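# Summary of structural features
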Amino acid sequence: RAFRREGSFEKFARTRVVPSRIKRAKRLMKRHAPLLAKVERQFGVPAAVVMSIWTLESDNGRGDIGKMSVVRTLATMAHHCRRTDLFQGELIAALQILQRGDLPLRDMKGAFAGELGQTQFLPSSYIKYGVDFDGNGHVDLRRSVPDVLASTANLLKVNGWRAGAPFREGTENFQVLREWNRSEIYRKTIVLLAERIVE
């Protein structure tokens, strides 16, 4: 999920850390306060960081989370792309999601590289980090807010997030955010939005 066109941080953030998003994120922090507190207790990732990622990736599930067939997209990329091995692995992971019964085929819709759900997990990350936090026996990153938030926090925890430690640029946790997105500009935007949400 590398963010390729690196422009200036200020320019990028100005289009994403906007008043409407901050307002909605603050409202959702209140609405989901018990859930976010439970996620933070279990995974150690601050509620504002999880909320920031959820907001940036899909406008909290209200934005476009993709309409392309994930299986078809990944099969095409596995055959026609320079990174054949990567996309073959993602295709196998997508089929595992179906096999486990997490999502029916009709819901296996995603973005241009096969990313799925409200925080845009590649299928391999879905399998590796997905958490059934609502307890219904399925990891549903398209419709289940508890599963989305817990899985997002779990990805960071598994990759070394230190509970209670700072996460601004230059910290260990800022480096852990690289597992979310390699772009330093995107990571700085996650931090900025998280800070604005709790102001």
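Just so we're clear, the structure is a prediction, and the values are computed from it rather than from any experiment. (Residues numbered from 1 in each chain as written. Predicted model: local features only at pLDDT ≥ 70, side-chain atom pairs only at ≥ 80, totals over all residues. Heavy atoms only, no water.)

### Focus: the packing of helix H2 (residues 19–31) against helix H3 (residues 33–43)
Here is the rule: Orientation is described by axes fitted as lines to C-alpha atoms, over the contacting stretch for helices, and by angles from 0 to 180 degrees between their N-to-C directions. Helix numbers and strand numbers start at the N terminus; a helix is a DSSP run of H or I with at least 4 residues, a strand a run of E with at least 2. For classification purposes, angles smaller than 35 degrees are called roughly parallel, those larger than 145 roughly antiparallel, those between 65 and 115 roughly perpendicular, and all remaining angles oblique. By definition, residues are in contact when any of their heavy atoms lie within 4.5 Å. Note on residue categories: nonpolar means Ala, Val, Leu, Ile, Met, Phe, Trp, Tyr, Cys or Pro, charged means Asp, Glu, Lys or Arg, and polar means any other residue, Gly included.
Packing of H2 against H3 leaves a shortest axis separation of 5 Å and a crossing angle of 80°. In terms of orientation, H2 and H3 fall into the roughly perpendicular class. Counting all contacts with H2, which are made through Leu 28, Met 29, Lys 30 and Arg 31, the residues of H3 involved are Ala 33, Pro 34 and Leu 36. Among the residues making up the contact of H2 with H3, the classes are represented as five nonpolar, no polar and two charged.

### Some thoughts on helix H8 (residues 145–158)
Cut-off, in case you're wondering: Expected span of a helix, by definition, is 1.5 Å for each gap between consecutive residues, and there is one gap fewer than residues. For the exposure calls, accessible area comes from a 1.4 Å probe over protein chains only, and a residue counts as buried if that area is under 20% of its type's maximum, exposed if over 50%, partly exposed in between.
Taking 1.5 Å of rise per residue, the 14 residues of H8 would be expected to cover 20 Å, and the 20 Å separating its terminal C-alpha atoms lies within 8% of that figure. Most of H8 is tucked away, with eleven of its 14 residues classed as buried. Among the residues of H8, those classed as buried are Val 145, Asp 147, Val 148, Leu 149, Ala 150, Ser 151, Thr 152, Ala 153, Asn 154, Leu 155 and Leu 156. Downstream of H8 by one or two residues, Gly 160 has phi in the positive range, about 110°.

### Brief notes about the side chain of Arg 187
This is how the line gets drawn: When charges are counted, Lys and Arg are positive and Asp and Glu negative, with His and the chain ends excluded. Note on definitions: salt bridges are taken to be side-chain nitrogens of Lys or Arg within 4 Å of carboxyl oxygens of Asp or Glu. We define a polar contact as two N or O atoms separated by no more than 3.5 Å, with the added condition that, inside protein, one atom must be a possible hydrogen donor and the other a possible acceptor, whereas residues neighbouring each other in sequence contribute only through side-chain atom pairs.
Looking at the secondary structure, you find Arg 187 in helix H10 (residues 184–197). It turns out Arg 187 is buried and unbridged, and the closest side chain with the opposite charge, Glu 184, is 4.6 Å from it. Among the polar contacts made by the side chain of Arg 187, one reaches the main-chain carbonyl oxygen of Arg 182 at a distance of 3.3 Å. Discounting chain neighbours no more than four positions away, the residues touching Arg 187 are Phe 174, Gln 175, Leu 177, Arg 178, Asn 181 and Arg 182.

### Topic: the packing of H2 against H10
Worth spelling out the cut-off: With the far helix as reference, a near helix turned anticlockwise by less than a right angle produces a left-handed crossing, and one turned clockwise produces a right-handed crossing.
Remark: H2 packs on H10, axes separated minimally by 9 Å, with the N-to-C direction vectors making an angle of 60°. In this structure, H2 meets H10 at a crossing whose hand is right-handed. Packed against H2, whose contacting residues are Ile 22, Ala 25, Lys 26 and Met 29, the element H10 presents Leu 193, Arg 196 and Ile 197 at the interface. Residue composition of the contact of H2 with H10, by class: five nonpolar, no polar and two charged.

### Focus: the packing of aromatic side chains
Short version of the rule: Ring geometry is summarised as follows: Phe, Tyr and Trp rings, the Trp one being its six-membered ring, pair when their centres sit within 6.5 Å, and such pairs are stacked at plane angles under 30 degrees, edge-to-face over 60 and tilted between the two. In this analysis the charged atom, NZ for Lys or CZ for Arg, is taken to sit over a ring once it is within 6 Å of the ring centre and within 35 degrees of the ring normal.
Summed over the entire model, instances satisfying the criterion amount to four aromatic pairs. Consider the rings of Phe 12 and Tyr 186, whose centres lie 6.0 Å apart with planes at 50°: the pair is tilted. Note that Phe 12 is positioned in helix H1 (residues 9–16) and Tyr 186 in helix H10, a separation of 174 residues in sequence. Neither Phe 12 nor Tyr 186 differs from the other in exposure class; each is buried. The lysine or arginine in question, Lys 38, covers the ring of Phe 133, its NZ or CZ lying 4.9 Å from the ring centre. Against the face of Phe 9 rests Lys 188, its NZ or CZ located 4.7 Å from the ring centre.

### Examining a positive patch on the surface
We count it as follows: Patch criteria: residues need more than 30% relative accessible area and no salt bridge. Like-charged residues are merged within 9 Å; nonpolar side chains of Val, Leu, Ile, Met, Phe, Trp and Tyr are merged within 5 Å. We get accessible surface area from the Shrake-Rupley algorithm with a probe of 1.4 Å; when it comes to residues, only the shown protein chains can shield them. Where a charge lies is defined by one atom per residue type, namely NZ (Lys), CZ (Arg), CG (Asp) and CD (Glu).
A cluster of like positive charges, contributed by Lys 23, Arg 27, Arg 31 and Arg 62, occupies part of the molecular surface. As for its position among the elements, Arg 62 is in the loop between helix H4 (47–58) and strand S1 (68–69).

### Overview of the pattern of salt bridges
Think of it this way: side chains of opposite charge can pair up when their charged atoms draw near. As enumerated under the stated definition, the model contains nine salt bridges in all. We note a salt bridge from Asp 59 to Arg 21, for which the minimum N-O separation is 2.6 Å. Taken together, the residues span a long stretch of sequence, with Asp 59 in the loop between H4 and S1 and Arg 21 in helix H2 at a distance of 38 residues. Judged by its relative accessible area of 13%, Arg 21 falls in the buried class. Residues Arg 143 and Asp 107 are paired through a salt bridge, measuring 2.4 Å at the closest nitrogen-oxygen approach. Remark: Asp 107 occurs in the loop between helix H6 (84–100) and strand S2 (109–110) and Arg 143 occurs in the loop between helix H7 (123–129) and H8; sequence separation between them is 36 residues. Judged by its relative accessible area of 54%, Arg 143 is exposed. Among the ionic contacts, a cluster of salt bridges with common partners joins Arg 21, Arg 24 and Asp 59.

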